[in-house]
Amino acid sequence: MSSKSLHMKILLWGWAVMLCSLMLTFWFYYETVSDELISSSRQNTTRLMKYVSWKVSHSPEIPGSSFFQKEVTTLGSQLGIRITYIKNGKVLADSDVKESRLPELDDHSNRPEIIAAEASGTGKNIRYSKTLQTRMLYVAQTMGNDGELIRLAMPYSVIGERLERVKIHFSILIFLIAAGTAITLKFIGNRTTAAVKEVSDTARAIGEGDYDKRIRVIPGGEYQMMADSINTMAHKIQDHIHIIEDQRNQLDAMFENMKEGIMVLNPEGKIESVNNSMMEIAPQSQSYKGRMPLEVLTRHEIQDTVDNILKHKNKKTSASLILDLQDGRSMNVTVCPYEDHKNRRKLILVFHDISEVRRVEKVLRDFVSNASHQLRTPLTSIKGYSETLIDNPPENKKILKQFLGTILDNANHMSKVITGMFALARSEYSGKKLRTKPTDLQKCITLSVSNLSAQAAKKKITITKGSVPEVRVTGTSEGLTQIFDNLIENGIKYAPENSKIMVQAKLEDGFVVTSISDEGPGIAETDKERIFERFFKLDENAVENGSSGLGLALCRSLVRNFNGDIWVKSPIDADTETGSSFCVKLPVTDGS
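Along each chain, residues carry numbers from 1 onward, in the same order as the chain's sequence is written. Per-residue local features are limited, in this predicted model, to residues with pLDDT of at least 70; the limit for side-chain atom pairs, both in listing and counting, is 80 or more; totals at the level of whole chains, interfaces and linings are taken over all residues. As a rule here, side-chain values cover all heavy atoms of the structure and leave hydrogens and water aside.

(A) Representation of the overall build of the protein chain in the model. Here a strand is any run of E in DSSP of at least two residues, a helix any run of H or I of at least four, and the numbering for each starts at the N terminus. The number of helices and strands found in the protein chain is 14 helices and 17 strands. Only protein chains enter the calculation, and the probe is 1.4 Å; a residue is then buried if its accessible area is under 20% of its type maximum, exposed if over 50%, and partly exposed in between. Here the protein chain holds 592 residues, and 37% of them are scored as buried. For the protein chain, the share of sequence-separated contacts (at least 6 apart) that also reach a separation of at least 24 residues comes to 57%. Areas reported here follow the Shrake-Rupley algorithm with a probe of radius 1.4 Å; residue values treat only the protein chains shown as occluding. Of the roughly 35,400 Å² that the protein chain leaves accessible, carbon and sulfur atoms contribute 54%. For this analysis, residues touch if any pair of their heavy atoms sits within 4.5 Å.

(B) Quick peek at the sheet that holds strand β4 (residues 134-142). By the convention used here, strands pair only if DSSP detects at least 2 bridges between them. Judged by pairing direction, the sheet is antiparallel, and its 5 strands sit side by side in the order β2-β1-β5-β4-β3 without closing on themselves. This sheet does not close on itself; its edge strands, each paired only once, are β2 (90-94) and β3 (122-129). Within the sheet, the average angular offset between the axes of one strand and its neighbour, ignoring direction, is 25 degrees. Examined bridge by bridge, strand β1 (residues 82-87) and β2 share 4 bridges and lie antiparallel to one another. From the neighbouring strand, Ile86 faces β2, where its bridge partner is Val91. Structural elements are reduced to axes, namely lines fitted to C-alpha atoms, with helices fitted over the stretch in contact, and the angle between N-to-C directions of any two is expressed from 0 to 180 degrees. In this fold helix α2 (residues 66-79) packs onto β1 and β2, with an angle of close to 60 degrees to the strand it touches most, β2. Against the sheet, helix α3 (residues 112-120) engages β1, β3, β4 and β5 (148-155), with an angle of about 175 degrees to β3.

(C) Broad picture of the pairing of β1. Counted residue by residue, β1 has 5 buried out of 6 residues, so it is predominantly covered. Where β1 folds back onto β2 in an antiparallel hairpin, the turn is made up of 2 residues, including Asn88, whose phi is positive at roughly 55 degrees.

(D) Summary view of helix α11 (residues 441-458). Here, expected helix span is obtained from the residue count minus one, scaled by 1.5 Å. Its 18 residues place the ends of α11 27 Å apart at the C-alpha level, agreeing with the 26 Å of an ideal helix rising 1.5 Å per residue. Bending is quantified residue by residue as the angle between axes fitted to the seven-residue window ending at that residue and the seven-residue window starting at it. Along α11, the sharpest change in direction is near 45 degrees and occurs at Leu452. Inspection of α11 places Leu441, Cys444, Ile445, Ser448, Val449, Leu452 and Ala456 among the buried residues, and these make up the whole buried set. Summarising the contacts, the buried residues of α11 are in contact with β11 (437-440), β12 (462-465), β13 (472-475), α12 (477-494), β14 (500-508) and β15 (511-518). Think of a polar contact as two N or O atoms within 3.5 Å of one another; within protein, one of them needs to be a possible hydrogen donor and the other a possible acceptor, and neighboring residues in sequence only count if both atoms come from side chains. Sitting at the amino-terminal end of α11 is Asp440, which places a side-chain oxygen 3.1 Å from the backbone nitrogen of Gln442. Of the residues trailing α11, Lys460 is marked for its positive phi of about 55 degrees.

Without other data, these values stay purely geometric and don't point to any function.
Right, dumping it as structure tokens:
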């Protein structure tokens, strides 16, 4: 059987099933409409019953009289229904029967609607009326306790006519649908073969990599399911291709923009690709492809590591080594093996610049060395004088007091160095997480001036507090007081006798700049930045003036923790080239 014949057979069966479905639908619809029309007629009759009952019950005429018969006849004519007034089965009035024929009417007590009304108050029934020669819908209702009832009747032919019209209309509709369906099925049959061919062509195109190809003509049925499956498959494959492309682009972006140098080697150990950072590390790697790492980096350590990993293919562990390049940089090189889709071993070399780490390590070593030096000198002095006092104690009390004073001065110097080191370490450690709060600047300056007034008086130095705005700055009371204590004490230390130190502040664009100015010898241009380094001292006589070389370093660390800045202006007097002014810039805050 040909494909076209099979399709036509399937379509004909579908047409037959559809017609049967339409017939069943018509039967169900006809029964439903019939029931609804009858129910609607009964409801209308019930509403009329209420009106007629009210009208008859308020009639001044006596049931059974000619006037009452006339009134019932008039009311039935106006409403278009038959009204019957019954008492104990006898008809006393009827709108569709002449008064002279009323005695001839049968006893109505055996009528179904009458029996139902006497039992429950109301009754309904549909049957053929011999009197009116047609089917009627009857509705009866009791009017009292004396066996009186009123009954309404309307022709059932009205409902029948409506149902007949429904039959005719639906029959015409079925005929039109059957004819239209036959034409449509003929048309669909002609398209089915073309649709199957399109499905086949689309599947073949997708298999060959054309993922934008879709099935556009879909007759329906099984073809719809097949077409949806193929289109969904193509859509998912296309999404996966896009995801792979996005991931590749992300990896390319990461590969090219990483700070670490990346070098990829093929299974033969030759360079396959490098990123931009690798070209900065080794500019000669620009023409890298197909060359050995030794040719680019001229370091046998890397080549030996690469050869060793490629030789032992069963081991998947990576290797790490540190290289010192000719330009002074230090690199931590990690060699990682991986396998490609063909299970071939390749290598990735990651070059991480650790020059800064090594610089920090050197700074730490220098710090330990400086700290040791700062403590060794006073410690040697203390030890020497102590041994002298033990071995040859001087009899002269003045000399003894001088020895003990020297020991005390060196001990105080050591204590100051250690205290400064702890304060600086604590400041730098907490600087990343220090919780600041709005702090009264004027109060902190006043406290520092008060703390150091006695020390300044020993050198006959006057500390003058100038104009200081009443503002709150970012910081802590303890930290700000420590900053101003160190700066004022530094001024006292280097200022000559009978001089003065000026402390003042002014507002500048959301910041307040506090300056502590002295009349000391001034600071050389080359030393203005170095004075904030640890253990740097302008005065080499450290023990005598009690300097630990950490005060200004601590000030800078605290100021930076408070999001501020510190610097020195020197000299203040251009003519004499003397005097220094240390400036502290802190942000103003409105908090309380």
